[in-house]
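Fold and geometry: a report
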Amino acid sequence: MKTQEQWIINGTLLTQDQKRRALKANLQLINGHIVAITKRLPRRSGRTTIIDASGLTILPGFVQAHVHLCQTLFRNQADDMELLDWLSKRIWVMEGAHTPATLRASARLGIHELLSSGTTCILDMGTVRHTDAIFTAVKESGIRANVGKCLMDNPKTNPPYLCESTNSAIQEALSLFEHWNGAENDRIRASFAPRFVISCTDQLLREVADLAKAQNALIHTHASENRKEIEFVKKLVGTENVEYLHKIGMTSPRLVLAHCIWLNKKEKLILKKTGTHTVHCPSSNMKLASGFMPAQELRSMGINVALGADGAPCNNNLDMFREMRLAALIHKPSGGPKTLRAQEVLDMATRDGAKALSWFDDIGSIEVGKKADLIALDLQKPSNTVPAGSETNSEMLASSVVYSAQSSDVKWAMVDGTVVAQNGKVLAIPAKQLMRDVRQAQLAIRKTIDYDSSTDIGQRGEITRSSAAKAD
Ligand code: GUN
Ligand code: FE
C-alpha cells in the first residue's frame, strides 16, 4: 500500500485527551492515523494533501452508543406514546414491513443525518430481518459502525411477523458477525443485539452471553427504560432486570445497556462491579415519558455513561448537538447547576462513547497513534462566538460545543482520514437521490400497513399489517 500523507493545519484542536487540552496546532496524518500534533508546518510536496482549518475547531467525531438506523423512515409516525404501546402499536408493525430496499433507504437517511451533524461512529441495533442491508449502507457511506442484528425469539411477547426461532436468530447473527466483523480495515464491527429481556427467551440470552464471550464481541440491548417494562420483566424472570442479566452471565465490559433509568441500588452496584456500560438517550427518555436516567450518580460511581439519539421516531432527530445540550440541561433542576457540566457531556459524546464500544484505543480523542475520526466546527459564527482571547480555553470551547453549537456549524467530518461529509453534504449519499429513495420506501411501507388516516396522528389507534402484507 502506498503511504498517504495528510495535514490539517491552522485549526484549534479540542483534543479530549487525558488532560482535555485545547491548543493551536497542526495534525499530521499517515494512512488515516494521527502521527504528529505539532506547531510545525508540512513541507509542501506533491503527494501531501493539506486541509486548511483556519478559524475552525477540530474535535474527535461524536460517538453515538445507541441508534436504530432501521427506524429513521418512521420519524414523526409514532408520537406521544409510552414505550410498550409505541413498540407494539407502531414501531414493530413498521419494522416488520421492511424489505432490503426500504431498510437501505432508512439506513442511508440516518447515516446522512449522523455524518452531516458530526457523528462519525455508532452502535446500531439493526432489525430482525435484512440487517445485511444496514451493514452495506455503512460500508458505502464511510461511517464507523458496530451493528448487530436485532434478536427477538419469544413467541409469547413478540408479534409473529418479527419473531424468529432461537436457532435461526442466533445463526443469522453469527453469520453476519463472521462476514462483517473487522471489515473495511476494522471500520465495521458486529455485535449481538437481543432487543430487550421481554422479547427474548432465557435460552437465547444465555447463548448470546456465551457466544459474545467466545467472539470477544459486544452485546447491545435495552434495559430498564420504562416502569411497565421492568414490572413485565419481573413477572417473566422473577428478579429485577439487571440482576437477571447478571445472573445469566451477560454483564461485563462488553455489555452496552441503553437507558438504565429504573435501577435499584443493587443493580447499580452490579453495573459498577462488572464494568458494564450504559447509554443515556435524553430526548428519547423525555419523549417516551420514560423518566430521568440517574446519569450523574452512575458517573460518580465510576460507571461509564455514553450518549445516543436512539431511533428517529422517539427523538425525533439524530443530532448529537441536541442530545448533548439536553443531557446537560435536564438534570440540573434536580441535581443543581453543576450536574453534568459541559465538559462531562462532551466526554460522554466522545471518549466515553468510544469506551462503551471498546474502540477507545483507536478513537474518542485526538492523540498520536489514534485514527483520524475528526470533525471541524465553525464556532466563530455570529450565533456562537467563542469569547475573544479564549480561543484555546477548553472549558469555554466545551461550553460552546455543548450549549450553543448546532449541526450547521459542522464544516466537515472525516473517518479514517477520509472526508465523508462537508457543509451538510454526505459525499457518498447524494441528497436528491436519497430523498427519492426515502419517498419510495415510505410509500412502500405505508402500503403494507393499515393507517386510519382520517384521524389525527396523535389520535390514531393501533396500526396493523394489511391483508396483503399478512399473506406474504
Ligand atoms: N426497547 C425495546 N425496543 C426498543 C426500541 O426500539 N426503542 C426504544 N427506545 N426502546 C426499546
Ligand atoms: Fe432504542
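See the structure printed just above.
Residues numbered from 1 in each chain as written. Chains lettered and ligands numbered in written order. Predicted model: local features only at pLDDT ≥ 70, side-chain atom pairs only at ≥ 80, totals over all residues. Heavy atoms only, no water.

1. Description of the site of ligand 1
Around ligand 1 sit His68, Gln71, Leu83, Trp86, Leu87, Arg195, Phe196, His222, Glu225, His259, Leu288 and Asp310, and those are all the residues in its vicinity. Between ligand 1 and the protein, one listed contact pairs an oxygen atom with a side-chain N or O atom of Arg195 at 2.8 Å. In the model, a nitrogen atom of ligand 1 is placed 2.8 Å from a nitrogen or oxygen of the Asp310 side chain. Contact with the protein chains removes 100% of the 280 Å² of surface that ligand 1 exposes when unbound. Looking at the shell around ligand 1 element by element, the count peaks at 3 residues for helix α1 (residues 83–96). (Near = heavy atom within 4 Å. Polar contact = N/O pair within 3.5 Å; in protein donor to acceptor, adjacent residues only side chain to side chain. Areas by Shrake-Rupley, 256 points an atom, 1.4 Å probe, with all protein chains shown as cover. Helix = DSSP H or I, 4+ residues; strand = E, 2+ residues; numbered from the N terminus.)

2. Some remarks on the state of the cysteines
Applying the stated criterion to the full structure yields 0 disulfides. Free of any disulfide, Cys260 has its nearest cysteine sulfur in Cys281, 9.8 Å distant. What makes Cys260 buried here is its relative accessible area of 0%. (Disulfide = S-S within 2.5 Å. Buried < 20%, exposed > 50% of the residue type's maximum accessible area, 1.4 Å probe, protein only.)

3. Overview of unusual backbone geometry
For the bond running from Asn315 to Asn316, omega is 5°, close enough to zero to count as cis. Take Asn316: it is sitting in the loop between β16 (310–311) and α12 (320–330). Of note in this structure, Asp80 is not a glycine but carries a positive phi near 60°. Along the chain, the position of Asp80 falls in the loop between β8 (62–68) and α1. At Glu184, a residue that is not glycine, the phi angle is positive and equals roughly 55°. As for its placement among the helices and strands, Glu184 is situated in helix α5 (residues 183–186). Using a relative accessible area of 36% as the deciding quantity, one classes Glu184 as partly exposed.

4. Regarding the sheet that holds strand β18 (residues 410–415)
Read across the sheet, 7 strands follow the order β3-β2-β7-β17-β18-β19-β20 without closing on themselves; strand pairing throughout is mixed. Two strands close off the open sheet at either side, each with one partner strand: β3 (22–24) and β20 (425–426). Of the pairings in the sheet, the one linking strand β2 (residues 12–14) to strand β7 (residues 57–60) comprises 2 bridges and is parallel in character. Note on β7: the bridge partner recorded for Leu13 is Ile58. (Pairing = 2+ DSSP bridges.)

5. Focus: the pairing of β7
Burial along β7 is two-sided: the residues Thr57 and Leu59 and Ile58 and Pro60 are all buried. Relative to strand β17 (residues 374–377), β7 runs antiparallel, the two sharing 4 bridges. Residue pairing for β17: Leu59 is matched across the bridge by Ile375.

6. Things to note about the pairing of strand β12 (residues 219–223)
Within β12, 5 of the 5 residues are buried, which leaves the element mostly enclosed by the surrounding structure. Side-chain alternation along β12 places Ile219, Thr221 and Ala223 on one buried face and His220 and His222 on a second face that is also buried. Pairing analysis gives 5 bridges linking β12 to strand β13 (residues 255–259), with the strands arranged parallel. Within β13, the residue paired with Thr221 across the bridge is Leu257.

7. Comments concerning the coordination of the iron ion (ligand 2)
Looking at the iron ion (ligand 2), the protein donor atoms are His66 (NE2), His68 (NE2), His222 (NE2) and Asp310 (OD), and they sit 2.1 to 2.2 Å from it. Around the iron ion (ligand 2), the 4 donor atoms sit at angles spanning 89 to 175°, and that spread fits a shape best called irregular. Spacing between the donor residues of the iron ion (ligand 2) along their common chain follows H-x1-H-x153-H-x87-D. Taken together, the residues span a long stretch of sequence, with His68 in strand β8 and His222 in strand β12 at a distance of 154 residues. (Donors = N, O, S within 2.8 Å, 3.2 Å for Na, K, Ca; no water. Tetrahedral: all angles 85-135°; square planar, octahedral: opposite > 155°, others 65-115°.)

8. Here we look at the side chain of Asn316
Given the relative accessible area of 15%, Asn316 is considered buried. Within polar-contact distance, the side chain of Asn316 engages the side chain of Asn76 at 2.6 Å. Residue contacts for Asn316: discarding those within four places in its chain leaves Arg75, Asn76, Asp79 and Lys287. (Contact = heavy atoms within 4.5 Å.)

9. Observations regarding the environment of Asp124
By secondary structure assignment, the location of Asp124 is in strand β9 (residues 119–124). By relative accessible area, which is 0% here, Asp124 ends up buried. Counting along the chain gives 77 residues from Asp124 to Arg47, while the straight-line C-alpha distance between them is 37 Å. If sequence neighbours within four positions are ignored, Asp124 has contacts with Val67, His68, Leu69, Ile134, Asn146, Val147, Gly148 and His220. Of note is the side chain of Asp124, whose polar atom sits 2.7 Å from the backbone nitrogen of Gly126.

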